[in-house]
Amino acid sequence: MKHVSILVPKGNTILSSVVGPYKILSATNRFLKNSGVRNDDFFDIHLVGLDRDHSLYNGLFSIHCDKIIDEVEKTDIILIPALKTDRFLEELEQNNPFVDWILKQRNIHNAEVASMCMGAFVLARTGLVDGKQCSTHWAAMEMFKKMYPKVNLVSNKIVTEEDGIYTSGGAYSFLNLMLHLVGKYCGRDAAIYISKYFEIEIDRQDQNQFVIFQGQKEHNDIAIKEAQNFIESNVTDKISVEELAKKSAISSRNFVRRFKKATQNTPLEYIQRVKIEAAKRSLESTQQNVNEVMYQVGYADQKAFRTVFKKYVGLSPVAYKAKYNMTVLNPERTTAW
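Residues numbered from 1 in each chain as written. Predicted model: local features only at pLDDT ≥ 70, side-chain atom pairs only at ≥ 80, totals over all residues. Heavy atoms only, no water.

1. A look at the state of the cysteines
Here's step 1: Enumeration over the complete set of coordinates arrives at zero disulfides.
Here's step 2: Cys-117 supplies the cysteine sulfur nearest to Cys-134, a cysteine that is in no disulfide, at a spacing of 11 Å.
Here's step 3: Residue Cys-134 is classed as buried on the basis of its relative accessible area of 0%. (Disulfide = S-S within 2.5 Å. Buried < 20%, exposed > 50% of the residue type's maximum accessible area, 1.4 Å probe, protein only.)

2. Observations regarding the packing of aromatic side chains
Each aromatic ring pair is summarised here by two numbers: the centre-to-centre distance and the angle between the ring planes.
Here's step 1: Applying the stated rule across the entire model yields 18 aromatic pairs.
Here's step 2: With 5.9 Å between their ring centres and 35° between their planes, Tyr-172 and Phe-174 make a pair best called tilted.
Here's step 3: With relative accessibility at 54%, the residue Tyr-172 sits in the exposed group.
Here's step 4: For Phe-174, a relative accessible area of 2% translates into the label buried. (Phe/Tyr/Trp six-rings, centres within 6.5 Å; stacked < 30°, edge-to-face > 60°.)

3. Digging into the nonpolar core
Here's step 1: Counting residues in each nonpolar core, the largest one holds 35 residues, and the members touching the most others are Leu-7, Ile-78, Ile-80, Ile-102, Val-113, Phe-121 and Phe-144.
Here's step 2: Broken down by element, this core gets its largest block of residues, five residues, from helix H4 (residues 120–125).
Here's step 3: Ignoring sequence-local partners within four residues, the contact set of Ile-80 consists of Leu-7, Ile-102, Val-113, Ala-114, Ser-115, Met-116, Gly-119, Val-122 and Leu-123.
Here's step 4: Listed in part, the 34 residues of the second largest apolar core include Phe-31, Ile-77, Ala-114 and Phe-174. (Core = buried A, V, L, I, M, F, W, Y, C linked by side-chain atoms within 4.5 Å. Helix = DSSP H or I, 4+ residues; strand = E, 2+ residues; numbered from the N terminus. Contact = heavy atoms within 4.5 Å.)

4. Thoughts on helix H13 (residues 302–313)
Here's step 1: With 12 residues, H13 extends 16 Å from end C-alpha to end C-alpha; this agrees with the ideal 16 Å at 1.5 Å per step.
Here's step 2: Taken together, the buried positions of H13 are occupied by Phe-305, Val-308, Phe-309, Tyr-312 and Val-313. Down the axis, H13 shows its buried residues gathered within 115° of arc, on one side only. Exposed residues pointing more than 90 degrees away from the buried face of H13 are listed as Lys-303 and Lys-310.
Here's step 3: For H13, the N-terminal capping position is held by Asp-301, with its side-chain oxygen 2.9 Å away from the main-chain nitrogen of Lys-303.
Here's step 4: Count one or two residues on from H13 and you reach Gly-314, which has phi positive near 85°. (Expected span 1.5 Å × (residues − 1). Arc of directions from axis to C-beta. Polar contact = N/O pair within 3.5 Å; in protein donor to acceptor, adjacent residues only side chain to side chain.)

Worth remembering: the numbers are spatial, not functional.
Structural data, given as C-alpha cells:
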C-alpha cells in the first residue's frame, strides 16, 4: 500500500488538480480489486492541508482535509496541486510551511514528490528540483526561470521524472502525470484502463502545441523592448541581429547579451518564435496553404520552415493545420452558418 498525500494549499487552489488525482487513484484502487489483483486498496489517499477546511473560488467551493501536515508522520507520495494566479506570489508565501514538511518526508522517508502545473513553484522552493528537469504551465515559464534559475526548466514536456521527483505541464496535463504514476506503480494494464475510463490520451509527451508566445516584456531595458516591437511589427521581413543592434545603437555582442538577459531568448530565437506564432495564427484561421503561410512570415526554404516550426510547436505545419483549422476539420462548413 502507498500512502498518498494530496496537498490542499491555502488560497485559490485549482480544484480540479485536487479532485482529479483523487478520482484517478480511487478508480485505480477499484480496478485492481475488480480485476483480482488485490483484495485491498493500493493507494491510501488523504487530503492534507495546513488547515482543516478551505474555501475556494470566492466561497463557491470548499474542501475538507482529513489530515493536517502535523498529523502525517510518514507518507510515500506527495502530490502538489496548482495555485491560481490571482494572488499568486502572496499565496505562495502563505503555503511556505509545506516546504519544510515536504523536505522532511523526502529526507527521512524517501517520499516521492509530484507537482502539477504551477504547483512546480512550491516544489522548486524545496530545492529538490535544483539541477533537475521540471515542467510547469507555459504561461508561467518566464517567471519561473527568474525565480528559480537553478532548475532545468523544460518547456516542451508534459511529464518529467528524475530521482523520484515528478512534474507536469500546464492545466489538465496533470491527467497525464497521474497516468504515468498509475503505470509506474500498478502496471501498464491499469494505466490503459484508467486512460480509457477517463478518456485521457495516453503517452502524450509534448505541450508545445498549446503554447501561445506573447513576448517577454516584463523587463526595463527600453532599447530591447523597441527591438522586440520592431521584430513583431515586421514579421514578413528577414531581420538580422546586426540590423537590430545597429538600430539600437549597440554593438552586436552587447546587444545579444542584453537581449538574452531581458527576454531569456537570443535575438534569433525571439525572431523565430514571433514568426512561428504568426504562422500558427494563419494556419488556424485562414485557408492559406503551408507554402503561402511560410512566405507570409518571411521564410523561403520549406525545410528550414518545417524544422523551426516543429522545434517550437512539436508538430509539423501540415499536422498543426489539420488539427486546429476548422475548415480542414469540417470542409463542408465554410461559414459560421
